[in-house]
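# Architecture at a glance
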Amino acid sequence: MARLAEALGLAPGALRGYGRRAHTRSDHLGQVAKYLGWKQAATGSPEMKELEQFLTDRAMEHDSPTLLFNLAREYLMSAKVIRPGAITLAKMVGAARAAAGELTSHKVAHLLTTQVRSDLDLLLKVDAGLGCTRLEWLTKPATEASSTAVKTSIDKLAWLRAMDAHQLDLSALPNERRRFLAQVARRSTNQGLERRRERRYPILLAFVAQAAIDQLDEVVALFDQAVSARESRAKIKTDEALVERAKTGEARQLLLQVILPVLADPGVPDERVGGLLRERIGMGKLREVTTGGWKALPKDHGRLSEMASSYSYLRQFTPPVLAAIDFHGGPGTAELMRAVAILKELNRTGGRKVPDGAPTVFVPTRYADYLEKARKGGDDTAFRHYWELCVLLGLRDGLRSGDVFVPGSRRYADPATYLYTPEQWEPRRAEYCRLVRKPAMAAEALEQGKQELHTALAELETTLAGALPDDTGAVRLDDDDHLVLPPLSAEDIPAEAKELKDELAGMLPFAPIASLLIELDARTKFLDCFTHAGGKKLAGSPELKRNILAVLISQATNLGLAKMSEASGISYDTLAWTMEWYVREETLREANTCVVDHHYGLALAKVFGGGTMSSSDGQRFPVRGKSVTGRTMTIHGGQVLSTYTHVSDQWSTYGTKIIVPTAREGHFALDEFLGNATDLPIVEHATDTHGATLINFALFDLVGKALTPRMRDLTRVTLVRDDTPTEIGKLYPHAGPLLGARWNEALVAECWPDLLRMAGSLKFGQATASLIVGKWSAASRQNTLATALKEWGMLRRTVHTAKYLSDPAYRRKITRQLNKGESLHALRRDLHYAQQGMVTKPHLSQQTEQAWCLTVLTNCVVTWTTEYYSKAVLDLRAQGRDVPDEVLAHISPGHSDNINFFGAIHVDVEAELAKLSDGWRPLRPAQLRELGL
């Protein structure tokens with residue numbers, strides 16, 4: 001009130017009477033709404049009925065109440081309708097979820113015949129041969145890409161196909177609804193599903209339909225990894241051979257330095273050359289160098305020949321894969337697909353010789369000599385080996401790019417099937433354009449894009465024109481008109497920021513990690529998010545909370561359940577039961593959202609940032625044992641996996657994903673960003689150079705957000721113009737020459753409706769962003785939509801680059817945000833300390849749960865620290881100290897020195913709460929701080 005009065009030029013007392021009259025606030029609200037063009041919606045009004053239908057439609061796609069609540073808020077904002085009370089909106093979300101459940105049962109009722117019900121019930125019976133239920137058997141993924149794992153995966157696929165799971169048509173249900181039901185089946189026990197009675201059948205139906213797709217994807221993925229592993233092995237051995245060859249070549253080169261001067265000296269008679277060389281070099285050295293000969297290497301340095309040594313191993317699983325999977329080819333793959341068909345027939349009949357006329361045009365140039373040499377030498381066996389290896393490698397590469405696809409698959413499907421069909425998209429188009437504020441018409445979108453382009457180029461032109469040649473700290477052009485981008489100067493951090501942080505850290509109370517979590521739950525109720533897998537709500541008993549907290553700590557710190565049982569005194573069986581029934585990815589996500597939302601509401605968090613910007617980055621963790629997500633990387637000293645986290649400008653982590661460390665991280669930048677269910681109003685996302693792909697630039701913009709990566713090697717980035725070089729040069733004499741390509745706006749205009757359809761498919765959950773980004777990034781030039789998407793991305797990249805070069809504050813903001821994400825890596829390392837930080841979980845689902853446990857604990861530490869920093873700041877200000885927000889903005893809450901993660905872990909909820917005074921711990925007294933205690 002004091003700040004508002006100051007802004008209005010009034011005495012604070014003049015505002016004290018505001019609102020005493022009953023209708024003042026409502027009258028003013030009406031006036032403000034009228035001025036802004038907003039409207040209120042009463043119960044039963046057309047606006048509320050439209051919202052009910054919108055929520056029901058979205059509830060069929062997303063089951064998360066928090067996400068539905070946020071989608072409702074976005075919808076009301078786009079329609080300029082004042083949001084009703086939170087309780088009213090929450091009730092509407094609950095009604096929408098209930099309606100979605102009833103609608104689900106109605107839509108699959110026609111599929112649940114007597115035979116189907118009987119087949120589904122078999123999933124819950126123990127199979128004597130397997131020693132477990134088929135449900136448990138199907139939910140155990142492979143842990144390595146071996147021939148045995150591939151064949152086991154094929155057996156699962158065959159069993160699912162025998163019950164026609166791959167032919168079940170659940171298209172009446174949205175993709176997200178099917179995924180949710182399938183997840184319920186995976187997380188529930190057979191007893192829990194049996195207790196659901198009739199409600200279990202839609203769940204099991206969705207599970208087997210999804211399992212058929214997942215199993216198909218697993219077979220193809222294992223095939224890819226197993227073939228690639230042998231190729232990598234061949235590369236490593238070839239590289240080692242090249243190193244040895246280089247050593248021998250060095251010795252021969254040294255001999256040439258002796259031989260060539262003698263041969264070139266006309267004063268040495270011919271009959272003396274041999275004797276002179278033998279005398280100078282020595283016979284022993286000559287024999288050593290000439291031993292073994294020196295053969296010319298093939299174009300691939302012998303890699304395919306080395307891979308042929310693994311032919312027998314590959315034959316253990318590749319014929320079953322080719323027999324089980326129906327591969328289809330896109331444009332330009334006709335010859336490869338004909339070769340695949342021939343290889344399938346050879347496998348079926350036991351043929352050994354590749355028939356004459358078998359296609360070889362798909363064989364890369366570097367391998368063609370192998371086939372030609374074998375054919376000329378009449379070596380049919382060698383030709384078969386090399387030709388079959390080329391077919392397998394070509395098939396692998398086609399699957400990665402999308403040129404080869406598998407009908408019925410999700411990950412390896414025809415890329416066009418990831419999107420809404422034009423018929424599905426049409427009723428959603430207007431709503432989507434309103435949500436993301438994008439023009440539906442191509443001409444308007446192009447004009448809008450060109451205006452942004454020229455605005456950014458004008459700023460860049462001003463920067464380059466004003467830069468002096470000797471100003472080494474400015475972005476400028478050198479004497480050859482080449483762009484010079486100097487390193488960004490260090491951020492001007494106030495000197496008192498570090499002193500203030502040390503002082504605030506000294507005021508924080510000391511707390512064991514369990515006590516911290518218990519205290520934070522008292523304020524956030526994040527433990528209420530851990531619901532029973534059978535659908536029952538959390539009872540809220542102190543004992544159950546204790547068990548959940550123990551599981552969270554055991555996974556986040558990497559202690560494991562056995563060690564946690566020893567440290568806490570809680571039995572292993574109790575911890576295992578709690579983890580099975582309560583700690584799952586969906587409950588961890590909900591709990592994390594609860595903590596992040598609480599942190600977002602703190603006043604000090606607003607000082608750190610507005611919650612409108614985030615960043616993402618990968619962090620490597622060592623892996624012990626077999627895992628399909630782990631890869632051996634020399635730079636990290638062994639096998640590792642990567643956790644890809646999304647961090648807000650308030651230091652909170654709102655997204656976590658386990659990815660293969662060798663995969664391109666930029667493919668996953670949109671996944672958690674679009675799936676953000678927190679209150680954080682993020683509109684801008686920063687990445688390092690890994691995320692600066694054309695596809696990412698385009699898709700971020702098309703979903704109404706901004707990608708702002710930190711980019712290196714900007715001199716190599718192609719920037720675009722919308723006119724001829726001459727005309728652009730007239731407008732921008734300095735910046736114009738940097739624009740190396742003409743933007744193809746005609747292609748963008750032609751594909752604009754499909755670009756919106758693609759972005760809408762991501763926004764509304766029809767497709768996973770990483771699939772779209774990965775496939776379209778590797779798509780061939782014949783893919784018009786992919787080319788148009790990259791053209792739009794080139795425009796957005798040019799706009800970003802021009803702004804990045806012309807505005808140092810913009811660059812510094814991006815760097816500051818990326819540094820926040822990297823700073824939290826250290827906190828995660830501190831938390832994940834046990835077993836030398838090695839991940840021992842073999843399966844992706846287990847690794848994902850552990851990563852989310854670590855994320856929840858990280859956010860709890862950040863939130864708890866932010867709260868006590870706030871109390872410390874208030875204490876200092878009460879003493880008359882000037883603690884400006886500008887200094888506080890440079891302080892990190894990723895502080896863990898006063899938190900104990902080690903030793904005995906006592907989780908006593910009631911006892912810990914009893915220690916608090918009005919729910920808080922006292923700050924550390926000044927006397928203790930002065931003594932260093």
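To keep things clear, this report deals only with the structure shown in the data block. (Residues numbered from 1 in each chain as written. Predicted model: local features only at pLDDT ≥ 70, side-chain atom pairs only at ≥ 80, totals over all residues. Heavy atoms only, no water.)

Turning our attention to the overall build of the protein. Regarding its fold elements, the protein presents 39 helices and 16 strands. A globule of 933 residues ought to have a C-alpha radius of gyration of about 30 Å, and the protein, at 32 Å, matches this closely. For the protein, the spread of C-alpha atoms along the three principal axes comes to 120 × 85 × 65 Å. Out of the 933 residues belonging to the protein, those deemed buried represent 50%. Contacts spanning at least 24 positions in sequence make up 74% of the contacts within the protein whose residues lie at least 6 apart. Accessible surface, the protein as shown: approximately 43600 Å² in total, 52% of it carbon and sulfur. Between the mean site of the 117 positive side-chain charges and the mean site of the 112 negative ones, the protein shows a separation of 4 Å. (Helix = DSSP H or I, 4+ residues; strand = E, 2+ residues; numbered from the N terminus. Rg over C-alpha atoms; globule rule 2.2 N^0.38 Å. Buried < 20%, exposed > 50% of the residue type's maximum accessible area, 1.4 Å probe, protein only. Contact = heavy atoms within 4.5 Å. Areas by Shrake-Rupley, 256 points an atom, 1.4 Å probe, with all protein chains shown as cover. Lys, Arg positive; Asp, Glu negative; His and termini not counted. Charge placed at Lys NZ, Arg CZ, Asp CG, Glu CD.)

Looking now at the pairing of strand β10 (residues 638-648). Among the 11 residues that make up β10, 9 are buried, leaving the element largely enclosed by the rest of the structure. Alignment of strand β8 (residues 613-622) against β10, held across 9 bridges, turns out to be antiparallel. Across the sheet, the residue bridging to Pro-622 is Val-640, located in β10. Pairing of strand β9 (residues 631-633) with β10 involves 3 bridges; the strand directions are antiparallel. When the bridges of β10 are listed, Met-633 appears paired with Gly-638. Here β10 runs beside strand β11 (residues 653-659); their pairing, made up of 6 bridges, is antiparallel. (Pairing = 2+ DSSP bridges.)

Under the defined criterion, the tally for this structure stands at 44 salt bridges. Its salt-bridge partner being Arg-620, residue Glu-665 comes within 3.2 Å of it at the nearest N-O pair. Taken together, the positions of Glu-665 in the loop between β11 and α29 (669-674) and Arg-620 in strand β8 put the pair 45 residues apart, joining distant regions of the chain. With its nearest N and O atoms 3.2 Å apart, the salt bridge here joins Glu-684 to Lys-813. Residue Glu-684 is found in strand β12 (residues 684-686), and its partner Lys-813 is found in helix α35 (residues 808-831); the two are separated by 129 residues along the sequence. The exposure class assigned to Glu-684 is buried, which follows from its relative accessible area of 14%. When salt bridges with common partners are traced through the structure, they connect Glu-519, Arg-523, Glu-867, Glu-912, Lys-915 and Arg-921 into a single cluster. (Salt bridge = Lys/Arg side-chain N within 4 Å of Asp/Glu carboxyl O.)

A word on the state of the cysteines. The final tally for this structure, using the stated rule, is 0 disulfides. Cys-529 supplies the cysteine sulfur nearest to Cys-594, a cysteine that is in no disulfide, at a spacing of 4.7 Å. A disulfide-free cysteine, Cys-751 has its sulfur positioned 16 Å from the sulfur of Cys-433, the nearest such atom. Cys-751 sits in the buried class, given a relative accessible area of 5%. (Disulfide = S-S within 2.5 Å.)

The subject of this paragraph is a nonpolar patch on the surface. A cluster of nonpolar side chains, namely Leu-4, Leu-8 and Leu-10, defines an oily patch on the protein surface of about 270 Å² accessible area. Within the secondary structure, Leu-4 is located in helix α1 (residues 2-8). The class of Leu-4 is partly exposed, set by a relative accessible area of 45%. (Patch = residues over 30% accessible without salt bridge, like charges linked within 9 Å, V, L, I, M, F, W, Y side chains within 5 Å.)

Turning our eyes to something else, we now look at the packing of aromatic side chains. For the structure on display, the rule yields 14 aromatic pairs. With 6.3 Å between their ring centres and 25° between their planes, Tyr-420 and Trp-425 make a pair best called stacked. Assigned by exposure class, Tyr-420 and Trp-425 land together as buried. Residue placement shows Arg-230 over the ring face of Tyr-313; its charged tip is 3.9 Å from the ring centre. (Phe/Tyr/Trp six-rings, centres within 6.5 Å; stacked < 30°, edge-to-face > 60°. Lys NZ or Arg CZ within 6 Å of the ring centre and 35° of its normal.)

Right, let's get into the packing of α35 against helix α36 (residues 844-878). Between α35 and α36, the shortest axis-to-axis distance is 10 Å and the interhelical angle comes to 110°. One element, α35, and the other, α36, form an angle in the roughly perpendicular class. Two packed elements cross with a definite hand, and for α35 against α36 that hand is right-handed. On the side of α35, the interface is formed by Leu-824, Leu-827, Arg-828 and Leu-831, while α36 contributes Leu-854, Leu-857, Thr-858, Val-861 and Val-862. Across the contact of α35 with α36, the residue classes break down as 7 nonpolar, 1 polar and 1 charged. (Axes fitted to C-alpha atoms, helices over the stretch in contact; angles between N-to-C directions. Parallel < 35°, antiparallel > 145°, perpendicular 65-115°, else oblique. Left-handed = near helix turned anticlockwise from the far one by under 90°. Nonpolar A, V, L, I, M, F, W, Y, C, P; charged D, E, K, R; others polar.)

Counting through the fold element by element, Glu-426 comes out in helix α20 (residues 422-436). Placed 327 residues apart in sequence, Glu-426 and Pro-753 show a C-alpha to C-alpha distance of 9.9 Å. Polar side-chain contacts of Glu-426 include one of 3.1 Å to the side chain of Arg-429. (Polar contact = N/O pair within 3.5 Å; in protein donor to acceptor, adjacent residues only side chain to side chain.)

Now for the side chain of Asn-592. Its place among the elements puts Asn-592 in helix α27 (residues 585-600). Since its relative accessible area comes to 1%, Asn-592 is described here as buried. Side-chain polar atoms of Asn-592 contact the backbone oxygen of Thr-653, separated by 3.0 Å.

Next up on the list: helix α17 (residues 334-349). Turn by turn, an α-helix covers 3.6 residues, leaving residues three or four places apart pointing in a common direction. Helix length check: α17 (16 residues) gives 23 Å between terminal C-alpha atoms against 22 Å at 1.5 Å per residue, within 8%. All of the buried residues in α17 are Leu-336, Met-337, Ala-339, Val-340, Ile-342, Leu-343, Leu-346 and Asn-347. The secondary structure elements touched by the buried residues of α17 are α16 (318-324), β3 (328-329), α19 (380-401) and β4 (404-405). In the stretch just after α17, Gly-350 is the one whose phi turns positive, near 80°. (Expected span 1.5 Å × (residues − 1).)

Okay, the nonpolar core next. Counting 85 residues, the largest nonpolar core has Leu-699, Trp-752, Leu-755, Ile-772, Trp-776, Leu-789 and Trp-792 as its most contacted members. Tallying contributions element by element places helix α34 (residues 784-806) first for this core, with 11 residues. Those residues within four positions of Ile-772 in sequence are excluded, and the remaining contacts are Tyr-418, Leu-419, Leu-699, Met-758, Leu-762, Ala-767 and Ser-777. Among the nonpolar cores identified, the runner-up in size contains 77 residues, and Ile-570, Trp-581, Val-862 and Tyr-869 belong to it. (Core = buried A, V, L, I, M, F, W, Y, C linked by side-chain atoms within 4.5 Å.)

Before going further, it helps to examine unusual backbone geometry. For Asp-713, which is not a glycine, the phi torsion comes out positive at approximately 55°. Locating Asp-713 in the fold gives a position in the loop between β13 (706-707) and β14 (720-721). Relative accessible area serves as the criterion here: at 45%, Asp-713 is assigned to the partly exposed category.

Here we take up the environment of Ala-911. Summarising the element assignment, Ala-911 is placed in helix α38 (residues 909-915). Linking Ala-911 and Ile-518, residues 393 residues apart in sequence, is a C-alpha distance of 9.9 Å.

This next bit is on the environment of Leu-242. Tracing the backbone through its elements, the reader meets Leu-242 in helix α11 (residues 200-264). Under the relative-accessibility criterion, Leu-242 is labelled partly exposed at 25%. Along the backbone, Leu-242 and His-301 are 59 residues apart, and their C-alpha atoms lie at a distance of 7.9 Å. With residues up to four places along the chain from it excluded, the contact list for Leu-242 reads Leu-297 and His-301.

Right, let's get into the pairing of β11. Among the 7 residues in β11, 6 count as buried, and that is most of the element. In textbook terms, the turn of a hairpin is the stretch between consecutive antiparallel strands, and for β10 and β11 this stretch comprises 4 residues, one of which, Trp-651, has a positive phi near 80°.

Time to look at the side chain of Ser-892. Relative to the assigned elements, Ser-892 resides in the loop between α37 (885-888) and β16 (899-900). For Ser-892, a relative accessible area of 12% translates into the label buried. Sequence-distant contacts of Ser-892, that is, excluding residues within four places in its chain, are made with Lys-501, Trp-651 and Tyr-869.

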